[in-house]
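Given next are the chains, with one letter for each unit.
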Amino acid sequence: MKKNLKKILIILSVGLIMTVVFGPRLNGKIDRWLRHDVYEHFDQTFQVPLEAAEREMNAHPDDASRTLVYANSLRMSKDYNLALKYYLKAVQFNKKNETVYPENIYCELGKCYFKLKRYVEAKESFDKVIRLKPRNEAPGPYTPHNDAVQYLANIEVLIVRHH
């Protein structure tokens with residue numbers, strides 16, 4: 001865990017230095033790299049092996065938390081379409097018997113939509129995260145709220161560039 005945290009801090013430090021020194025010439029490339037790589041790296045730190053996640057989910061088929069873990073493993077394996085299916089199932093299971101904070105599911109769902117370049121749905125998911133977990137209730141650097149804010153900023157940049 002400490003080793004991964006050091007990697008993240010190094011990435012952030014290098015990115016900050018590169019942005020200050022070369023920022024105007026890189027036209028935001030470092031910024032985009034930082035936004036995606038740090039969050040991807042953080043997600044991979046907590047990735048459960050796909051087979052183990054699937055076994056757990058199949059043993060408890062209506063459990064939102066196990067379905068969410070399986071969906072996360074699929075997303076980290078880059079199987080975004082199948083991950084999306086299981087994120088939506090986790091939302092439904094969680095409505096019946098809340099075992100997961102809903103903002104966690106919507107945040108992961110938003111990340112999946114983002115990877116699929118379905119930005120409207122991603123924005124809707126991240127907006128739900130912010131409504132469910134306002135900033136004053138979301139301490140710490142890695143929270144669904146902070147992820148949602150970061151991804152929403154990325155979506156806004158992409159929308160502006162496409163218009």
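Residues numbered from 1 in each chain as written. Predicted model: local features only at pLDDT ≥ 70, side-chain atom pairs only at ≥ 80, totals over all residues. Heavy atoms only, no water.

Draft legend 1. Inspection of the environment of I105 at higher detail. Relative to the assigned elements, I105 resides in helix α6 (residues 102-115). Take I105: its relative accessible area is 1%, and that puts it in the buried class. A sequence separation of 38 residues divides I105 from T67, and the C-alpha atoms of the two residues are 9.9 Å apart. Ignoring anything within four residues of it in the chain, the contact list for I105 reads L68, Y87, A90, V91, N94 and V100. (Helix = DSSP H or I, 4+ residues; strand = E, 2+ residues; numbered from the N terminus. Buried < 20%, exposed > 50% of the residue type's maximum accessible area, 1.4 Å probe, protein only. Contact = heavy atoms within 4.5 Å.)

Draft legend 2. Region of interest: the nonpolar core. Counting residues in each nonpolar core, the largest one holds 30 residues, and the members touching the most others are Y87, L109 and F126. Going through the elements one at a time, α3 (50-59), α4 (64-76), α5 (80-96), α6, α7 (119-132) and α8 (144-162) are the ones with two or more residues in this core. With eight residues, the single largest contributor to this core is α5. Those residues in contact with F126 that lie beyond four places of it in its chain are C107, G110, K111, A148, Y151, L152 and I155. (Core = buried A, V, L, I, M, F, W, Y, C linked by side-chain atoms within 4.5 Å.)

Draft legend 3. Molecular detail of unusual backbone geometry. Although it is not a glycine, K78 sits at a positive phi angle of roughly 70°. Among the secondary structure elements, K78 is positioned in the loop between α4 and α5. According to the relative accessible area criterion, K78 is exposed, its value standing at 54%. Unusually for a residue other than glycine, K117 sits at a positive phi of about 60°. Tracing the backbone shows K117 in the loop between α6 and α7. The exposure class of K117 is exposed, given its relative accessible area of 60%.

Draft legend 4. Inspection of the side chain of D63 at higher detail. When you line up the elements, D63 lands in the loop between α3 and α4. Among all residues touching D63, those that are not within four sequence positions of it are F93 and T99.

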